[in-house]
Amino acid sequence: MKHTLFGSAAVLTLSGLVNTTVHADEQEEASETTYLTLNTEPLLQVPDEFPSQFKYDSGVDIDYPKDGVKGVFVTANSAGGARMEPLTNLLNNTELNSMVIDVKDDTGFITMPFESEDEMINENMKNWVDPTELMAHLEENDIYPIARIVVFKDSLLAKERPDLSFKNPDGSVWTNRAGHGFVNPFMKEVWDYNIEIAKEAAKMGFKDIQFDYVRFAEGFELRDDELTYSLGDYTDSDLNSVKKRVEAVTDFVEYAHQELQPFDVDLSVDIFGYSATVEETPGIGQNFSRISENVDVISSMIYPSHWGPGSLGIAKPDLEPYNVVANYLEYENEVLDNLGDDAPISRPWIQDFTASYLGSGWYKNYGAPEVSEQIRALNDNGVNEFLLWDAANTYSEGTQYSFD
């Protein structure tokens, strides 16, 4: 028997509770005091493994694809507009089976309406997609729904709440060269803002919550000293700046995973492929191994166009899609193997777009052969799930999606 009390530990003594006659030779034994051990842990805790019978049921019945997730990225404009029909036809006529749909986009707009007590969420909410109609359509076509939620890249929230962002010496909100704002991963209020959106997406019927931009801005270490921002709960930490950033990003993922336990969804995180090749990224705070320990799915962005000259032992990576993926997986597989039973599913993002911005001689036109080569490299290295990225949501016809 255990009693749980809030506060410090306590001891209950049982004596004189039963009125009975005790013989003399039993008196010494009977007079011994009995102690009860008290559990001092909080009564209200979310268990590490939430009982399935108590998880939230959205009523949307779409099973995890038996052959693994093979998906495409879909913007809110596509999901709520005319592009949805050809995208659905593509999935119905190929081995593709899943859609990653923007619920909170790169600017910070929340693309689907839901009820919230958070004033900022309501201000940033749009009616671009009807979630009821969307889920009915996905259920009818047996398309596995993944909610993309962009976390720390958020120009809207940064503008509305400069105290949750980073400030220049003149007091203005810092933005990168493209004019995009970021919010502060050290701030728990930012965590809760995004997790509430994730919970609502789960209630709509999404089966997987995919967090993107789970990091500081690129090259943050180069401007760390000149920007003003709060360290939140990490103010008194003895860790150096790099370690603090890693702690904040990792702690957010762990906290989100715990908070989403009651909603019967998987948690996936997008992460730079480069993060798997180093112990931890110095500026953006991503530690591949530690993030992987706290998610159900890890989605490395391994687009050949995103690797610099000579990366992975390849002079011009965009020209060699198979070798980029195969060489990268040597790093990822080693990290995930070391995690053993704690390793998540690997579901990389691969390239279905042409990176002409790299300049002549450094890129090639990507179509079905190049996309197929990336998928073949995944399969050859034991990975059978993937996601295709094209910002315009126009995917190559004739791609081979399975190499069984």
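In short, a report on the structure. Since we're looking at a predicted model, the values are computed, not measured.

Parameters and conventions
- Residues numbered from 1 in each chain as written.
- Predicted model: local features only at pLDDT ≥ 70, side-chain atom pairs only at ≥ 80, totals over all residues.
- Heavy atoms only, no water.
- 1 Å grid on protein atoms, 1.4 Å probe; cavity = no way out; pocket = protein on both sides within 12 Å on 5 of 7 lines; lining within 4 Å.
- Points joined across faces, edges and corners; volume = space filled by probe spheres on them.
- Nonpolar A, V, L, I, M, F, W, Y, C, P; charged D, E, K, R; others polar.
- Helix = DSSP H or I, 4+ residues; strand = E, 2+ residues; numbered from the N terminus.
- Contact = heavy atoms within 4.5 Å.
- Polar contact = N/O pair within 3.5 Å; in protein donor to acceptor, adjacent residues only side chain to side chain.
- Patch = residues over 30% accessible without salt bridge, like charges linked within 9 Å, V, L, I, M, F, W, Y side chains within 5 Å.
- Areas by Shrake-Rupley, 256 points an atom, 1.4 Å probe, with all protein chains shown as cover.
- Salt bridge = Lys/Arg side-chain N within 4 Å of Asp/Glu carboxyl O.
- Lys, Arg positive; Asp, Glu negative; His and termini not counted.
- Charge placed at Lys NZ, Arg CZ, Asp CG, Glu CD.
- Buried < 20%, exposed > 50% of the residue type's maximum accessible area, 1.4 Å probe, protein only.
- Pairing = 2+ DSSP bridges.

1. Here's the deal with the layout of surface pockets
Each pocket or cavity is described by its volume, and for the second largest pocket that value is around 350 Å³. The wall of the second largest pocket is formed by 20 residues, among which P65, D67, E95, L96 and N97 lie closest to the centre. For the lining of the second largest pocket, a count of residues per class yields 7 nonpolar, 6 polar and 7 charged.

2. Thoughts on the environment of N141
With respect to the helices and strands, N141 occurs in the loop between α5 (131-140) and β7 (144-150). In this structure the C-alpha to C-alpha distance between N141 and N92, which are 49 residues apart in sequence, comes to 7.3 Å. Look past the residues within four positions of N141 in its chain and what remains in contact with it is T88 and N92. Side-chain polar atoms of N141 contact the backbone oxygen of H137, separated by 2.9 Å.

3. Quick look at a negative patch on the surface
There is a patch of like negative charges on the surface, built from D57, D61, D63, E139, D142 and D264. Mapped onto the fold, D61 is located in the loop between β4 (38-39) and β5 (70-74). The exposure class assigned to D61 is exposed, which follows from its relative accessible area of 58%.

4. A word on the pairing of strand β10 (residues 297-301)
The element β10 is largely enclosed, with a buried count of 5 among its 5 residues. Burial of β10 is two-sided: the residues V297, S299 and M301 facing one way and the residues I298 and S300 facing the other way are all buried. With 5 bridges connecting them, strand β9 (residues 266-272) and β10 associate as parallel partners. Counterpart to D270 in the pairing with β10 is S299. With 2 bridges joining them, β10 and strand β11 (residues 345-346) adopt parallel strand pairing. Following the sheet pairing, V297 is matched in β11 by I345.

Interpretation in functional terms is not warranted from these geometric data alone.
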